[in-house]
Amino acid sequence: MSKSEIIDYSEQRKFVSKLYIAVLTEKISVREALMKFPKNCEDKTIIAAWHALCHLEADEDIRKKDELYAKEQDEYIEYIAFTLDNGEALPQNITDSYLPYHEDALIPPNNSLKGIIHEFKKFLCV
């Protein structure tokens, strides 16, 4: 696949939206949702969504102490969920805010041969 090809991530975004809704409705934990994210995905929107969920989990103590912060964070998470549910990309300012952390995204890789080759290519910077 050439760098100029456009990849349609809309179905993966819709899937991540369902994970977000499951977290918001407390049907699954944040950790469970993070483990179910699409494997080997290079979509900046999905990677930003992954980091936003990590921050939700990391901010649990702050959320308990600051009701307004919790409400604002919930609205932010809902916004991401509804945007992804439409298969749309997140606004550039949101994805850009998570760019410094992209290399740290610990989205579990796909253990298939295709996933292993993909990870090896990333390692080689191909």
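Everything below is about the structure shown above.
Overview of the structure. Note that the coordinates shown come from a computational prediction; the quantities given were computed from them, not determined experimentally.

A word on the environment of Lys44. Inspection of the secondary structure assignment puts Lys44 in helix α3 (residues 44-58). You can call Lys44 partly exposed: its relative accessible area is 46%. Between the alpha carbons of Lys44 and Gln92 there is a distance of 9.4 Å; along the sequence they are 48 residues apart.

Its place among the elements puts Gln73 in helix α5 (residues 67-85). Setting aside residues no more than four positions away along its own chain, Gln73 makes contact with His55, Leu56, Asp59 and Arg63.

In this section: α3. If you check α3, its first and last C-alpha atoms are 21 Å apart, about what 15 residues at 1.5 Å a residue would give, namely 21 Å. All of the buried residues in α3 are Thr45, Ile46, Ile47, Ala48, Ala49, Trp50, His51, Ala52, Leu53 and Leu56. Tucked inside the fold, the buried residues of α3 contact α1 (10-24), α2 (30-35), α4 (60-65), α5 and α6 (92-98).

To continue, consider the packing of α1 against α5. Running from N to C, α1 and α5 cross one another at 145 degrees; their axes reach a closest spacing of 7 Å. Here α1 runs over α5; the crossing is left-handed. Where α1 approaches α5, its residues Arg13, Lys14, Val16, Ser17, Lys18, Tyr20, Ile21 and Leu24 are matched on the opposing element by Ile77, Glu78, Ile80, Ala81, Leu84 and Asp85. Split into classes, the residues belonging to the contact of α1 with α5 amount to eight nonpolar, one polar and five charged.

Our focus in this paragraph is the nonpolar core. The nonpolar side chains of soluble globular proteins are, as a tendency, buried together. In this structure, Val16, Tyr20, Val23, Phe37, Ala49, Leu53 and Ile80 are the most contacted members of the largest nonpolar core, which totals 26 residues. Counting only elements with at least two residues in this core, the list comes to α1, α2, α3, α5 and α6. With seven residues, the top contributor of residues to this core is α3. Ignoring sequence-local partners within four residues, the contact set of Val16 consists of Phe37, Pro38, Ile46, Ala49 and Leu84.

A few words now on the environment of Leu99. Tracing the backbone through its elements, the reader meets Leu99 in the loop between α6 and α7 (113-124). With 55 residues separating them along the chain, Leu99 and Lys44 place their C-alpha atoms 8.0 Å apart.

Where α3 meets α5, the closest approach of the two axes is 11 Å, and the angle between their N-to-C directions is 155 degrees. Between α3 and α5, the crossing angle belongs to the class labelled roughly antiparallel. Note that α3 runs across α5; the crossing there is left-handed. Across the interface between the two elements, Thr45, Ala49, Ala52, His55 and Leu56 from α3 touch Gln73, Asp74, Tyr76, Ile77, Ile80 and Leu84 from α5.

Cut-off values and rules
- Residues numbered from 1 in each chain as written.
- Predicted model: local features only at pLDDT ≥ 70, side-chain atom pairs only at ≥ 80, totals over all residues.
- Heavy atoms only, no water.
- Helix = DSSP H or I, 4+ residues; strand = E, 2+ residues; numbered from the N terminus.
- Buried < 20%, exposed > 50% of the residue type's maximum accessible area, 1.4 Å probe, protein only.
- Contact = heavy atoms within 4.5 Å.
- Expected span 1.5 Å × (residues − 1).
- Axes fitted to C-alpha atoms, helices over the stretch in contact; angles between N-to-C directions.
- Left-handed = near helix turned anticlockwise from the far one by under 90°.
- Nonpolar A, V, L, I, M, F, W, Y, C, P; charged D, E, K, R; others polar.
- Core = buried A, V, L, I, M, F, W, Y, C linked by side-chain atoms within 4.5 Å.
- Parallel < 35°, antiparallel > 145°, perpendicular 65-115°, else oblique.

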